Amino acid sequence: VVCPLHLFRGESGGDAVGVFYEKVTALTGDQPPVVMSHKGLHFVHVRQGGLYWVATTTADSSPFTIIEFLNRLSALVKDYCGSLSEKSVQMNFALIYELLDEAVDYGYIQTTSSDVLKNFIQTEAVSSRPFSLFDLSNVGLFGAETQQSKVAPSSAATRPIQSSREQSDLRKSEIFVDVIERMSVVIGSNGMLMKADVEGEIRVKCYLPNCSEMRIGLNEEFSIGKSQLRGYGAAVRVDEVSFHQMVRLDEFDSHRILRLCPSQGEQMVMQYQLSDDLPSAPPFRLFPTIERDSGGRLLMYLKLRCDLPPKSLSQELSSPDQSAELKPQSRAVVWKIPRFTGGMQLSALFKLEVPGLSSASLLEVGPVGLSFELPKLTATGLQIRFLRLSPVQPGPSQRWVRYVTHSDSYTIRI
Amino acid sequence: MPYLGGEETVRELRRALSNPNVQSDQLRYRNTILKVIRAMSQGVDMSGLFSEMVKACATVDVVQKKLVYVFLCSYAALNPELSLLVINTLRKDCQDPNPMVRSLALRNMTNLRLPSLVEYVEQPLAAGLRDRAACVRRVAVLGWAKLHNLQASSEIDAAVVNELYSLLRDPDPVVMVNCLRALEEILKDEGGVAINKPITHHLLNRLKECDIWGQCQVLRVLQRYRPQSEDELFDILSLLDASLVSPHPPIMAATLSLFLSLCSGQPAVSLAALERVRGPLLAACGSGSREMRFTALCHIQLLLRSIPGLMGAHYKRFFCGYAEPAYIKQRKMQVLVELVNDENVAMLLDELKGYCTDVNAETAQAAITAIGRIGRSYSDRCLEILTGLLGLKQDHITSAVVQTMRDLVWVCPQCSDTVCFALEGCEETLQDSQGRQALLWLLGVYGERVSSAPYTLEVFIDGVRSEASLGVKMELLTATMRLFLCRPAETQDMLGRLLHYCIEEETDMCVRDQALLYYRLLHCGIEETRKVLQGRRSDPSLGVLIGRPAEPVSQWARSFNTLEPLRQGSIETESVSRGSPEHTMFDPKPNADLSNTLDCSRIEKVHSECVRCPTIPRCSPQSLQAAMQLVNIQTLAFTPPQTLPWRVYLYTHTCLDDAPHSTLILGELLYTGEEPQKAEVHKGSADGGVGAEGIEDDM
């Protein structure tokens, strides 16, 4: 637990860190309550990157503001330090002090825009792993282990934003547009889809020294709400969309183009939601059989199928890397499958010795929770048609578009 | 945090800092200072290096300056004399051509927090207000607020206040917002910055220029404004409509707060605004940040109090994810209970059923309680699930189910047949005292319908010597007495044994007193006993309270967008387990717990007064009672509805964390009828000094 302490108003007193530490360690359970109070002082915290980001307040301030600010602050620290971990925070404490000093004055948030802040921040980030050009140039050759690294160099994601003064030619100017979707799905025990929600967002990570405007083209068929349908192909539909303030939408209605001036660092451009009406079947299906064998053991036979279209290059995996582990503390069996291609089917048989197993205990088994990451895929079918930058960038610049779907919560009842 | 070798480090660093070779090499000097700050942030006391650090302050290197200022501001309070030396450097920096250096110096000058330095700071601050660089003006404006709080007694010059008011027109939006913040602090005694029509319109027009933090601040300050006409009100509302559906939750929440305070006289408009924020709030509920989800959930609970059906169609958004932390799951279940209706009840119960076997016992318990709550309206389906859960034979699940069944039967007596049937055999799996108490209560009240009741009680009575829980013993006494009344032949012998044990051997006064009371009661004859013990089996008045009536928005508008809704829940979840329903429905512990610690002689009657409420809005006694429960006023007893005069006896108590005394307030509410509508409140406040400490521990 690291708390870069900063006294803004002198209201909290010096032992605030100690008090918070005691409160956190005294509690059992997975996470302490977001708001805790001690003698009229409220602690509000968020957890990001394994760290507690804590704000203290004596007044009854807006929780939305405090939490949004703490999240924003952790994003800023991530932008400036490259990555977010106890180590990177310790290495860059001077930078974080400076960042806090510029972002907050006397407990009042002044600015959190990385564009404004970069003019004030003087300290340079210490990367926990030195950034070398060698990493970048090798991407196509050796870095092509996973889908993710084929798309973009992995070091790029954890890279401090460039400060305005050191525009060395060594650093490439790059821009990343990430389409990230989070699925939460519940499949009933009869295989019926009970709930399917998708929360999606488009994020832009910009490391371009000067970029006045960029245009992002989405699918022409992109439609919002139930009534509106566009195009002739399969519609890409979402229920609700919201955009960042800076996005100009004059070409959105006619051509589905977002225009914006990205600032340095990471920012959310668009958020959207879709509930209960996925364009395709859910990516994974499970066929479980649970019974008791003659020896009083619990038998779980699980067959997992991936319903994504098979890739032409896909090879049959005998999956030697799979592993399974029994976690007695959470009473769960964890089955890890490192890689799963479309159209594949895997099965596993777990035999569990359960003391005092009765027929009623079979009812207690389940649900199955899947957590996965699907690269190069969006559940809604949203695609980026094109990405144009103006003015045309001098020198080499790289544009990356990445798609990924995460499982926020993918539950299959047994 | 004690740090070994702290003194060693200080000595070494002092040597390095005063080494001329280090001082001449900028990079080495800066690195040494970095080491000082690092040690400081690890908790080592570095105050001994103050004078060396003051010298390091005079440099052209901005990074070094910033680092030194971090140090100086932390230790200035310990070295007020030496800090005087810094002022010179800082004042010189305020003349620097670089605006960044000027703002840095000005900010740290005011951050030193030394009252003795105020006279040196005032002049540069006044100059800072007129600086041509916006970043210096931002700092200077807030500097005046810091100065004011440092010397609360001294009056800030009226000229400065006027200048701050005029800076509200500053072209830089952050300066404008900082002016608002500073004026709020300086004029706190006068109720904050004056919000009149021109200022309001000016702020509203410039709202779009501010970033989200600035917008939130402006929206918050504007809550004090009262529009002069309805036209003006609606102009403001339509101007703010876009902010109401902002994708940034802080702006959405601040705007809704403002809407609610502006429209306090227009309930219909408030309700429309609530409908409007449904989308953004739901989006916040699915946000990537868990804490933001939690905050949004807590606020949705507030909204549901006024529009119970607001989220009905979106109930699936409140299904729990398997990786979510327990506190979010429990909140989601609380919301789900509110959203149940004829269409979704099947899906919803199916989902809740899945949570009942959660690995986290608290989550499982919350899910079972939630099913019980839904059971008040859909009893058959819920009882089926609850009965099924008993088959799992897990002790924490069984305990929660039995408690839930007890609460359900108290509200819906028609469920009693199913419950009685389900109770058979579950005493074997019950481990904790709360669950056993609930079982005993049920056996006592419905003993004639549970064939095995005497045998179950006998097992309890045989083990009473080793019983540790006070509550179980007392509940056992009552249950056995009740069972004796309906099945005397089977119970007589064991009742005798139990009373004998409790009167002769039991050491706890509470149990002994109760046993003696029952013993004497039996002497008075069976009819007397029956009159005392066979009270109501259910609470008829609760029937009205279940379908919670929509509350007016004004009930909770004040706590919207504050920390309060986030805190409330932790108390609610703690009180999931409670004693027998007929004691106090909403009290977390049976009030029998009080009697062993609270002695009448120690209660000091402080005052007793009668308040007349001249006008009471037309509302039924039940909704009045429900409203009072929401503000933590509990009911002790009340006359049946539709009787006049209608009386309620109320109590409330303070529940401060570390106050040595707690105050118990008892009250009587008298409702004399429709014609001259009046209600009287007799208040008797009792200060339980030493004696009341024990109560606090139990709460």
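- Under an unreviewed UniProt entry, chain B has the name Clathrin/coatomer adaptor adaptin-like N-terminal domain-containing protein and belongs to Amphiprion ocellaris.
- What UniProt records for chain B under Subcellular location (unreviewed entry) is the sentence "Endomembrane system".
- Its UniProt record, at the heading Sequence similarities (unreviewed entry), says of chain B: "Belongs to the adaptor complexes large subunit family."

- An unreviewed UniProt entry lists chain A under the name AP-4 complex subunit mu-1, with Amphiprion ocellaris given as the organism.
- As recorded by UniProt, the Sequence similarities (unreviewed entry) comment attached to chain A reads in full: "Belongs to the adaptor complexes medium subunit family."

1. Brief notes about the overall build of chain B
At step 1: A tally of helices and strands in chain B yields 35 helices and 5 strands.
At step 2: A burial count over chain B gives 55% of its 699 residues as buried.

2. Brief notes about the pattern of salt bridges
At step 1: For the coordinates displayed, the defined rule picks out 44 salt bridges over all chains.
At step 2: A salt bridge links R449 of chain B to D417 of chain B, with the nearest nitrogen and oxygen atoms 2.6 Å apart. Of this pair, R449 of chain B sits in the loop between α25 (433-445) and α26 (453-462) while D417 of chain B sits in helix α24 (residues 416-423), and the two are 32 residues apart along the sequence.
At step 3: Exposure remark for R449 of chain B: the relative accessible area of 34% places this residue in the partly exposed category.
At step 4: For D417 of chain B, a relative accessible area of 48% corresponds to the partly exposed category.
At step 5: Because the salt bridges share partners, they merge into one network encompassing E98, D101 and E102 of chain A together with K66 and R107 of chain B.

3. Topic: the confidence of the model for chain B
Residues and elements named next belong to chain B.
At step 1: Across chain B, pLDDT averages 80, with 79% of residues at or above 70.
At step 2: Contacts for the low-pLDDT stretch residues 570-579, under 50 throughout, to residues beyond four places or in other chains number 20 contacts.
At step 3: Note that residues 583-611 has pLDDT below 50 and, in this model, 60 contacts with residues that lie over four places away or in other chains.

4. Structural notes on the interface of chain B and chain A
At step 1: Contacts between the two partners involve 81 residues from chain B, matched on the other side by 76 residues from chain A.
At step 2: With both sides pooled, the region where chain B packs onto chain A buries about 6600 Å², and carbon together with sulfur makes up 55% of that total.
At step 3: On the chain B side of the contact with chain A, W213, Y322 and L563 of chain B bury the most area, a combined 12% of that side's loss.
At step 4: The partner of R107 of chain B in a salt bridge is D101 of chain A, and the shortest N-O contact between them spans 3.3 Å.
At step 5: Inspection of the region where chain B meets chain A yields 22 residue pairs in polar contact (both at pLDDT 80 or more).
At step 6: Of the residues forming the side of chain B that touches chain A, the biggest block, 8 residues, is contributed by helix α18 (residues 290-306) of chain B.
At step 7: Of the residues belonging to the side of chain B that touches chain A, the class tally is 38 nonpolar, 21 polar and 22 charged.

5. A few points about the packing of helix α27 (residues 470-486) of chain B against helix α30 (residues 526-533) of chain B
Residues and elements named next belong to chain B.
At step 1: Interhelical geometry of α27 versus α30 gives an angle of 125 degrees and a closest axis separation of 10 Å. One element, α27, and the other, α30, form an angle in the oblique class. Here α27 and α30 pass one another in a crossing that is left-handed. Residues T478, M481, R482, F484 and L485 of α27 touch α30, and the partners they reach there are I526, T529, R530 and L533.
At step 2: For the contact of α27 with α30, a count of residues per class yields 5 nonpolar, 2 polar and 2 charged.

6. What about helix α11 (residues 173-186) of chain B?
Count 3.6 residues to each turn of an α-helix, and residues three or four apart come out pointing the same way.
All names here are of chain B.
At step 1: A rise of 1.5 Å per residue sets the reference length of α11, with its 14 residues, at 20 Å; its end C-alpha atoms lie 20 Å apart and thus fit the reference within 8%.
At step 2: Across the 14 residues that make up α11, a large majority, 13, are buried.
At step 3: Two to three positions downstream of the cap, the backbone nitrogen of V174 sits 3.2 Å from a side-chain oxygen, assigning the N-cap of α11 to D172.

7. Overview of the packing of aromatic side chains
Residue and element names in this part refer to chain B.
At step 1: One pass over the structure, following the stated rule, counts 15 aromatic pairs over all chains.
At step 2: Ring centres 5.0 Å apart and planes at 55 degrees place the aromatic pair F71 and Y75 in the tilted group. Pair noted here: F71 and Y75 are both in helix α5 (residues 62-75), with a separation of 4 residues, about one helical turn. Each member of the pair, F71 together with Y75, is buried.

8. Re empty space enclosed by the protein
At step 1: Enumeration according to the criterion identifies 10 cavities of 30 Å³ or more in this entry.
At step 2: Forming the walls of the largest cavity are 17 residues, and the residues nearest its centre are S184, K195 and D408 of chain A together with R317 and K332 of chain B.
At step 3: When contributions to the lining of the largest cavity are tallied by element, the ones reaching two or more residues are β6 (173-187), β7 (193-206) and β22 (397-412) of chain A together with α17 (278-285) of chain B.
At step 4: Considering every element that reaches the lining of the largest cavity, the biggest residue donor is β7 of chain A, with 3 residues.
At step 5: Of the residues in the lining of the largest cavity, the class split is 5 nonpolar, 4 polar and 8 charged.
At step 6: As a volume, the second largest cavity reaches approximately 150 Å³.
At step 7: If you list the elements that add at least two residues to the lining of the second largest cavity, you get α7 (99-111) and α9 (134-150) of chain B.

9. Re the sheet that holds strand β2 (residues 41-48) of chain A
Residues and elements named next belong to chain A.
At step 1: Spatial strand order, β1-β2-β3: 3 strands in an open sheet with antiparallel pairing. Two strands bound the open sheet, and with one partner strand each, they are β1 (35-38) and β3 (51-57). Averaged over all pairs of adjacent strands, the angle between their axes in this sheet comes to 30 degrees, without regard to strand direction.
At step 2: Summarising the sheet, β1 and β2 pair through 4 bridges and their orientation is antiparallel. Note that in β2 the partner of H38 across the bridge is L41.
At step 3: Here helix α2 (residues 63-81) sits on the sheet in contact with β2 and β3, set at roughly 45 degrees to β2.

10. Let's talk about helix α6 (residues 80-93) of chain B
Residues and elements named next belong to chain B.
At step 1: Taking 1.5 Å as the rise per residue, α6 with 14 residues should run 20 Å; its terminal C-alpha atoms sit 20 Å apart, in good agreement.
At step 2: The largest bend in α6 comes to about 25 degrees, at V86.
At step 3: Taken residue by residue, α6 has S83, V86, I87, T89, L90 and D93 as its buried positions.
At step 4: Contacts made by the buried residues of α6 are with α4 (50-56), α5, α7 and α8 (118-129).

11. Points about the confidence of the model for chain A
All names here are of chain A.
At step 1: Residues with a pLDDT of 70 or more make up 77% of chain A, whose mean pLDDT is 75.
At step 2: pLDDT under 50 marks residues 1-5. Its contacts with residues more than four places away, or in other chains, come to 12 contacts.
At step 3: Per-residue pLDDT stays below 50 along residues 130-157; that stretch engages in 37 contacts with residues further than four places along the chain or on separate chains.

12. Looking at unusual backbone geometry
At step 1: Notably, Y106 of chain A is not glycine yet its phi reads approximately 55 degrees, a positive angle.
At step 2: Structurally, Y106 of chain A is set in the loop between β4 (104-105) and β5 (108-109).
At step 3: At R113 of chain B, a position not held by glycine, the phi torsion is positive, near 60 degrees.
At step 4: By relative accessible area, R113 of chain B is classed as partly exposed at 28%.

13. A look at the sheet that holds strand β18 (residues 345-353) of chain A
Residues and elements named next belong to chain A.
At step 1: The strand order across the open sheet built from 3 strands is β14-β15-β18, with neighbouring strands paired in antiparallel fashion. Each edge of the open sheet is held by one strand with a lone partner, namely β14 (284-292) and β18. Pairwise comparison of adjacent strand axes, ignoring direction, gives a mean angle of 15 degrees for this sheet.

14. Quick word on the pairing of β2 of chain A
Residues and elements named next belong to chain A.
At step 1: Most of β2 sits inside the fold, with 6 of its 8 residues counted as buried.
At step 2: The turn joining β1 and β2, which pair antiparallel and follow one another in sequence, is formed by 2 residues; a positive phi near 50 degrees is taken by K39.
At step 3: Relative to β3, β2 runs antiparallel, the two being bridged by 7 bridges. Residue pairing for β3: V46 is matched across the bridge by W53.
At step 4: Counting the residues that bridge the hairpin from β2 to β3 gives 2 residues, and of these G49 lies at a positive phi of roughly 60 degrees.

15. As for the state of the cysteines
Residue and element names in this part refer to chain B.
At step 1: Scanning the entire structure with this criterion turns up 0 disulfides over all chains.
At step 2: C382 carries a free sulfur, and the closest cysteine sulfur to it, the one in C415, is 9.0 Å from it.
At step 3: Relative accessible area serves as the criterion here: at 0%, C382 is assigned to the buried category.
At step 4: Between C426, a free cysteine, and C420, which holds the nearest cysteine sulfur, the sulfur-to-sulfur gap is 11 Å.

Rules of the game
Residues numbered from 1 in each chain as written. Chains lettered and ligands numbered in written order. Predicted model: local features only at pLDDT ≥ 70, side-chain atom pairs only at ≥ 80, totals over all residues. Heavy atoms only, no water. UniProt positions renumbered as here; feature names shortened; annotations may be inferred. Helix = DSSP H or I, 4+ residues; strand = E, 2+ residues; numbered from the N terminus. Buried < 20%, exposed > 50% of the residue type's maximum accessible area, 1.4 Å probe, protein only. Salt bridge = Lys/Arg side-chain N within 4 Å of Asp/Glu carboxyl O. pLDDT = per-residue confidence, 0-100. Contact = heavy atoms within 4.5 Å. Buried area = accessible area lost by both parts, 1.4 Å probe. Polar contact = N/O pair within 3.5 Å; in protein donor to acceptor, adjacent residues only side chain to side chain. Nonpolar A, V, L, I, M, F, W, Y, C, P; charged D, E, K, R; others polar. Axes fitted to C-alpha atoms, helices over the stretch in contact; angles between N-to-C directions. Parallel < 35°, antiparallel > 145°, perpendicular 65-115°, else oblique. Left-handed = near helix turned anticlockwise from the far one by under 90°. Expected span 1.5 Å × (residues − 1). Phe/Tyr/Trp six-rings, centres within 6.5 Å; stacked < 30°, edge-to-face > 60°. 1 Å grid on protein atoms, 1.4 Å probe; cavity = no way out; pocket = protein on both sides within 12 Å on 5 of 7 lines; lining within 4 Å. Points joined across faces, edges and corners; volume = space filled by probe spheres on them. Pairing = 2+ DSSP bridges. Bend = angle between axes of the 7 residues up to and from the residue. Disulfide = S-S within 2.5 Å.

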